[in-house]
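Now for the letters of each chain:
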Amino acid sequence: MFIQSLLLVALALGCSCKPPNIVFLLTDDQDLLLGGTSPMAFTRTFLGEGGAKLANFFVNTPVCCPSRTTLLSGTYPHHWHTIGHPSCMHMNVTDYIYQERTIGVLMRKLGYTTGMFGKFLNPPGMAPYCHGTELLPGFDTFLAMCNTARYFNNLFTRDGVKFETGDEPKDYLTSVIGNATLEFVNASLSSGKPFFAYVAPHAPHVPATPAPWYEDVFKGYKAPRTENYNYSALDHHYVIRMQQPLSNEEGEEVDLLFQNRWRTLLSVDDIMISLVDTIGKYGELDNT
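Residues numbered from 1 in each chain as written. Predicted model: local features only at pLDDT ≥ 70, side-chain atom pairs only at ≥ 80, totals over all residues. Heavy atoms only, no water.

Across its full length, the protein chain holds nine helices and six strands. Compactness check: the protein chain gives a C-alpha radius of gyration of 20 Å against a globular reference of 19 Å for 288 residues, within 12% of the reference. Seen through its C-alpha atoms, the protein chain measures out along the principal axes to roughly 65 × 45 × 40 Å. Out of the 288 residues in the protein chain, the part that is buried amounts to 43%. Put simply, of all contacts in the protein chain between residues at least 6 apart along the chain, 70% involve residues at least 24 apart. When the accessible surface of the protein chain is split by element, carbon and sulfur atoms take 58% of a total near 15600 Å². Looking at the protein chain, you have 20 positive and 28 negative side-chain charges, and the mean spots of the two groups are 5 Å apart. (Helix = DSSP H or I, 4+ residues; strand = E, 2+ residues; numbered from the N terminus. Rg over C-alpha atoms; globule rule 2.2 N^0.38 Å. Buried < 20%, exposed > 50% of the residue type's maximum accessible area, 1.4 Å probe, protein only. Contact = heavy atoms within 4.5 Å. Areas by Shrake-Rupley, 256 points an atom, 1.4 Å probe, with all protein chains shown as cover. Lys, Arg positive; Asp, Glu negative; His and termini not counted. Charge placed at Lys NZ, Arg CZ, Asp CG, Glu CD.)

And the structure:
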């Protein structure tokens, strides 16, 4: 992996510099084509304009668990493909060899304090941790989702202990993930050890329920009407060929989902604002 290789080169050259802290933020089903980064004003400015952009980046298998499996391990899906085995969308994520090469394990070997917060894998891949007694491989502390597709009343495993949240504003999923992340970052910075924070909110995945305090933002916004909006083509794939034109009511539902996706991303932006503020107070922004 690039991060591991870079740090090993620094060690080989006798660099006495402190390894950089690393925050890895992973959203769920966020888009670029429909302006998915637009509501995240702070993140877009701080990282997008103030950092580097990967203009030639490819996702090998852009589907749920296979995609997360490749990201966590730096390998192609065919390495872990299985049929008939208890799996996560045909990914054998319980394989010991797979678990030992995931990013948390590698970062901890490099001396990092490691933390994971949010969606690690889809529910089938979380069975050993949510229905069993196993701990997430490589993470010193974690708050991992056991369910998906809801933003309140969630089940988590926190360092191996299961607990559920309710339906109060304080239980909003992205806020719970963000608060746990900040607690970890504060503790890590206080200890002086470099940290690796894997932060994976569920937003803007459906049902894209916004935080109560953002429910009225973006009212009246409409989903972009691109050239392929509400388009059916008889010479295309079956899924496209059989798509019936949207009714006016269905078009309004599309617009509402578009608004709610943007609203959920405001809470992700809040995580970034709080993280940058916290890291800045410790004087560690230039080393993160």
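A separate point is the nonpolar core. Ranked by size, the top nonpolar core spans 34 residues in total, and within it Val185 and Phe195 carry the most contacts. Counting residues in each nonpolar core, the second largest holds 26 residues, with Ile22, Leu121, Tyr198 and Ala200 among its members. (Core = buried A, V, L, I, M, F, W, Y, C linked by side-chain atoms within 4.5 Å.)

Considering all chains together, one arrives at two disulfides under this definition. Between the sulfur of cysteine 65 and that of cysteine 88 lies a disulfide, 2.0 Å long from S to S. Disulfide cysteine 65-cysteine 88: torsion about the S-S bond near 110°, hence right-handed. Taken as a pair, cysteine 65 in helix H3 (residues 64-73) and cysteine 88 in the loop between H3 and helix H4 (96-99) lie far apart in primary sequence, 23 residues in all. Each member of the pair cysteine 65 and cysteine 88 is classed as buried. Covalent S-S linkage joins cysteine 130 and cysteine 146, the inter-sulfur distance amounting to 2.0 Å. Across the S-S bond of cysteine 130 and cysteine 146 the torsion is about -90°, and the bridge reads as left-handed. Taken as a pair, cysteine 130 in helix H6 (residues 127-130) and cysteine 146 in the loop between strand E3 (141-145) and strand E4 (155-158) lie far apart in primary sequence, 16 residues in all. Taking the relative accessible area as the measure of exposure, cysteine 130 reaches 7% and is therefore buried. Classification of cysteine 146 by relative accessible area gives buried; the value is 10%. (Disulfide = S-S within 2.5 Å.)

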